[in-house]
Amino acid sequence: LIPFSILFFLVSLIKKTLQTTNKVGVPIICVGNLVTGGSGKTPVVLFLIKFFKKKKINVHVITRGYGGKLKGPTRVDNSKHSYLEVGDEALMLSKEATVWVSKNRFEGAFAATLSGADLIIFDDGLQNYSVEKDLNIIVVDGGFGFGNNFIMPAGPLRENISSGIKKSQLLILLDDDKNHIEEKVKKDITVIKGKSIIKNYKKIKKRKIVAFAGIGRPEKFLNSLKEKKLTILKFFPFPDHYVYKNSDLNKIINYSKKNGGIPITTLKDKQRISKNLRKEIHFIDLEIKLNEEKKLNHFLKLKKIA
């Protein structure tokens, strides 16, 4: 597949060269990754939303609304929109901040600026050059790293590692660094380490659980549950952004009841589960804890972002 990877690289390079970069009147932070699949990008966006809200900064988020049919720019209304229109990530983020779904990132940023945003966060968009960003953050899953270091389709990379690091200023490294990422990149980019953890699990601590997840790397959710020493009867992994059928969920619910367990999944998965079945399932928060939040604060001040 390497010849196809070379072709992908060349097409990306041409696209980058031809794309016009626009500027809006407020700071823009882009939270992205270099690989396909889950790296913890959206939980990092949630962390930043709460981080800036503490500083009384009006944060707006721009997302492409993966899996949704609306092109936008559309301001997400949690009581009105469904994941079929705006995607599961947009619905989840809209509970914490003003979120815009926009396939065209410049149009989304422009709409957010007109609506009074003090700061804009792009959920993904590291490989998009239509808008000038003030800060690029790469999120890396320490357990996966950069995979086999090949560009798609021979590997998981969206772009060359060196080019991604060169245009970025921060790398957030989540969980155990099993691939020695920090050692490889710390000379070229500021690294802040963190951990993805689960919340609101105490009600099920003494229960048997049947877990399932349709996120980028479902095994990360499983490992988070194991770290809390929860009793896991069975785990059902699904593809990222999987649209659950009632038959899928009834199978899991019935298996749980038969074996004296309780079904659990993530808040992101909740957006893709029919409301009439949600009462049968316990939903777990995944959140990010940074080891060096003061380092982040200092870095943002140097960049005059906050």
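Details of the structure are given in the entry above.
So, how was this worked out
Each chain has its residues counted from 1, running along the sequence as written. Selection of residues for local features in this predicted model requires a pLDDT of at least 70, selection of side-chain atom pairs for listing and counting requires 80 or more, and totals for whole chains, interfaces and linings are taken over all residues. Neither water nor hydrogens contribute to the side-chain values; these are computed over all heavy atoms in the structure. Pairing between two strands requires that DSSP report at least two bridges joining them. The helix and strand labels rest on DSSP assignments: H or I over at least four residues marks a helix, E over at least two residues marks a strand, and numbering proceeds from the N terminus. Residues count as neighbours in contact if any of their non-hydrogen atoms are within 4.5 Å of one another. Interaxial angles span 0 to 180 degrees and are taken between N-to-C directions of axes, which are lines fitted to C-alpha atoms, for helices over the stretch in contact. Residue types Ala, Val, Leu, Ile, Met, Phe, Trp, Tyr and Cys, when buried and joined through side-chain atoms within 4.5 Å, form a set referred to as a nonpolar core. Burial status follows relative accessibility: with a 1.4 Å probe on protein chains alone, a residue under 20% of its type maximum counts as buried, one over 50% as exposed, and anything between as partly exposed. A 1.4 Å probe that fits into a set of points on a 1 Å grid over the protein atoms alone but cannot get out defines a cavity; an open set with protein on both sides within 12 Å along at least five of seven lines defines a pocket, and lining residues are those with an atom within 4 Å of a point. Grid points are joined across faces, edges and corners, and a volume is the space filled by probe spheres set on the points. Lys, Arg, Asp and Glu make up the charged group, whereas Ala, Val, Leu, Ile, Met, Phe, Trp, Tyr, Cys and Pro make up the nonpolar group; the residues left over, Gly among them, are polar. Here a salt bridge means any side-chain nitrogen of Lys or Arg lying within 4 Å of a carboxyl oxygen belonging to Asp or Glu.

1. A few points about the sheet that holds strand β3 (residues 74-75)
And step 1. Pairing within the open sheet is mixed, and its 9 strands lie in the order β3-β4-β2-β5-β1-β6-β7-β8-β13. Of all the strands in the sheet, the pair left with one neighbour each is β3 and β13 (286-290).
And step 2. Sheet strands in contact with helix α2 (residues 41-53) are β1 (28-32), β2 (59-63), β5 (119-123), β6 (135-141), β7 (170-174) and β13, and its direction is about 170° off that of β5.
And step 3. Strand contacts of helix α12 (residues 293-302): β1, β6, β7, β8 (190-198) and β13, with the helix running at about 130° to β8, the strand carrying the most contacts.

2. Side note on the nonpolar core
And step 1. Of all hydrophobic cores here, the largest spans 38 residues; its most connected members are I29, L48 and F52.
And step 2. In this structure, I29 is in contact with L48, F52, L119, I120, I121, F122, L135, I137, L300 and I305, ignoring residues within four places of it in sequence.
And step 3. Formed by 29 residues, the second largest nonpolar core is a distinct cluster that contains V24, I28, A117 and I189.

3. Let's talk about the layout of surface pockets
And step 1. By volume, the second largest pocket is sized at about 310 Å³.
And step 2. Along its surface, the second largest pocket is lined by 14 residues, and D141, D175, K178, K220 and N223 are the ones closest to its centre.
And step 3. The leading source of residues in the lining of the second largest pocket is helix α8 (residues 218-227), at 5 residues.

4. As for empty space enclosed by the protein
And step 1. This model, assessed by the stated rule, comprises 1 cavity of 30 Å³ or more.
And step 2. Its boundaries defined by the atoms lining it, the largest cavity holds a volume of some 40 Å³.
And step 3. Looking at the largest cavity, the residues that line it are N33, L34, V35, S39, I138, V139, V140, D141, G145 and F146.
And step 4. When the residues that make up the lining of the largest cavity are grouped by side-chain class, the tally is 6 nonpolar, 3 polar and 1 charged.

5. A closer look at the environment of K251
And step 1. Here K251 shows up in helix α9 (residues 246-258).
And step 2. Taking the C-alpha atoms as reference points, K251 and V139, separated by 112 residues in sequence, lie 35 Å from one another.

6. Let's talk about the sheet that holds strand β11 (residues 261-266)
And step 1. Spatially, β10-β9-β11-β12 is the arrangement adopted by the 4 strands of the open sheet, whose pairing is parallel. Among the strands making up the open sheet, the edge pair consists of β10 (231-237) and β12 (282-284). Sheet twist, expressed as the average angle between the axes of neighbouring strands with direction ignored, equals 30°.
And step 2. Looking at chain direction, strand β9 (residues 208-213) and β11 are connected through 4 bridges and run parallel. What sits directly across from K208, in β11, is G261.
And step 3. The strands touched by α8 within the sheet are β9, β10, β11 and β12, with β10 carrying the most contacts at an inclination of about 175°.
And step 4. Relative to β11, α9 is tilted by about 140°, and along the sheet it contacts β9, β10 and β11.

7. Re the pattern of salt bridges
And step 1. Here the structure, examined in full by the defined rule, presents 17 salt bridges.
And step 2. Residue K220 pairs with D141 through a salt bridge whose shortest N-O separation is 4.0 Å. In this pair, K220 sits in helix α8 while D141 sits in strand β6, placing the two residues 79 residues apart along the sequence. The pair K220 / D141 is uniform in exposure class, with both members buried.
And step 3. K220 is paired through a salt bridge with D175; the nearest N and O atoms lie 3.7 Å apart. Placement of the pair is K220 in helix α8 and D175 in the loop between β7 and α7 (181-185), with a sequence separation of 45 residues.
And step 4. The class for D175 is partly exposed, based on a relative accessible area of 21%.
And step 5. Bridged by salt links that share partners, the residues D88, D269 and R272 form one connected network.

Remember, this is a structural readout, not a statement about activity or role.
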